[in-house]
Amino acid sequence: MPEKNQFVNVEITGITSEGNGVGRVDGMAVFVPDTATGDVCRVKIVKVLKSYAYGIVDEVITPSPDRITPDCPVYRKCGGCVFRHISYDAECRIKDGIIKDAFRRIGGLAPEYEEFIKAGCTERYRNKAQYLLTVSDGKVISGFYAERSHRVIPVSDCKLQPVIFRDILDTVIEYINLHKISVYSELTHTGIVRHVYIRQGTYSGEIMLCIVVRKDVSRQFNALCRIITTKFPEVKSIVINVNPERTNVIMGSKCITLYGSDTISDNMCGNKVKISVQSFYQVNTVQAEKIYRKALEFASPAPDDVIADLYCGAGTIGLSMAEKAGKVIGIEIVPEAVENARNNAKSNGIGNAGFYCGDAGKVFFELGMKPDIIVIDPPRKGCTPETIRIITDTEPDKIVMISCNPATCARDAEIFSRSGYDVKKVCGADLFPRTKHVECVVLMVKN
């Protein structure tokens, strides 16, 4: 058994869902970040538990064919990207394997696996960024928290975000420094500016700038509005979000529009959509469209089918299917999202889609309906037992699940399989290139 601070040679034989390499020493699994399958490394053991250990790379003795040189100076500190040291083809193989392993090991299932959907672009693809501000040597700088900590890693430019985001952020920070506006401290619950939050419509190019503050200091940013909109005409909305709470939740409930509209526009699957500060909107628009098209392919609605879209958010999934179906019913618990969805349906002239705020079971009962197809896009924690019960009691012909967590997806799919649904097809998709996250689309058919 390896001991703490011992140096050992480890051959990496696989990659975990967290992006760590795994090898064995004297029969014990050793997890090592920043490694690739096929690496032989000299590893320092830093933590030993009962049945496994953690190590860090001291030297790569024999590099894997998958290994490449990382192109980000803060890659190993930030924790956002875990695959920047391997080729993109290798990353996709790993992510596809993670999905298959989850369905086999957690779900005990053997569906048909379709070809993994790779991203056409692995850089600058994000349409949203949230920047933490902190003070270093008396000056305000931006950064991100290191993974699993509140230690700030200074980052001036993230390769996953558009270059214009960096330029806007630099202008905001320059203004804050010039006007000596204080930055929020989690420890003391003092200071004003908590975060800078930027969104952009991928197709429209429209940008929203949101500054999250502890209290309403709107007048201090009026001059910034003139500077930003003169320098960046793409900015169509500038919003102050007030979050007075002592919390690590980024956004508060109160928004004040300082310039332009309180929304920006974009297109998703051919439909115009309006995006507000608090709207849920997939951060990789192009890849999200591929995923939604795969979900529509799996659903294959007949012209008179009723589709229920649970966790519908701003309605982008349901609206992308409306043209092929008889009716779409979207259900969401967040009132602002439901209002966005209704407006999106209206602006696109989609008359066969209705959106409702509330519990799915209650909405189904009040409408007196049983949908033919149910589409679900649950959070990372997966579906609640109550949601699964409501879906299976409704007895749709098909269930299509879009998931951002293969482990909870496989768990839920197994429950559906015990409730009368065959898990037919699974298709993995890379929505977040270079990170550990992976999506999958699942087709389940009533048996």
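For the structure, see preceding data.
Reading guide: rules and limits
Residues numbered from 1 in each chain as written. Predicted model: local features only at pLDDT ≥ 70, side-chain atom pairs only at ≥ 80, totals over all residues. Heavy atoms only, no water. Buried < 20%, exposed > 50% of the residue type's maximum accessible area, 1.4 Å probe, protein only. Helix = DSSP H or I, 4+ residues; strand = E, 2+ residues; numbered from the N terminus. Pairing = 2+ DSSP bridges. Right-handed = clockwise from strand over helix to strand, strands pointing away.

The subject of this paragraph is the pairing of strand β13 (residues 235-242). With seven of its eight residues buried, β13 lies for the most part within the structure. The sheet contact formed by strand β12 (residues 207-213) and β13 spans seven bridges and is parallel. Looking at β13, one finds that M208 is bridged to S237. Taken together, β12, helix α4 (residues 222-231) and β13 constitute a β-α-β crossover, and its handedness is right-handed. Sheet topology places β13 next to strand β14 (residues 254-260); six bridges connect them, and they run antiparallel. Bridging across to β14, I240 finds its partner in I256.

This part covers the sheet that holds strand β1 (residues 7-11). In space, the six strands of this open sheet follow the order β1-β5-β6-β4-β3-β2, with mixed pairing throughout. Each edge of the sheet is formed by a strand with only one pairing partner; in this case those strands are β1 and β2 (14-15). Where β1 and strand β5 (residues 40-48) come together, five bridges link them in antiparallel fashion. From the neighbouring strand, N9 faces β5, where its bridge partner is R42.

Let us now look at unusual backbone geometry. For D26, which is not a glycine, the phi torsion comes out positive at approximately 55 degrees. The topology assignment puts D26 in the loop between β3 (21-25) and β4 (28-32). For D26, a relative accessible area of 67% gives the class exposed.

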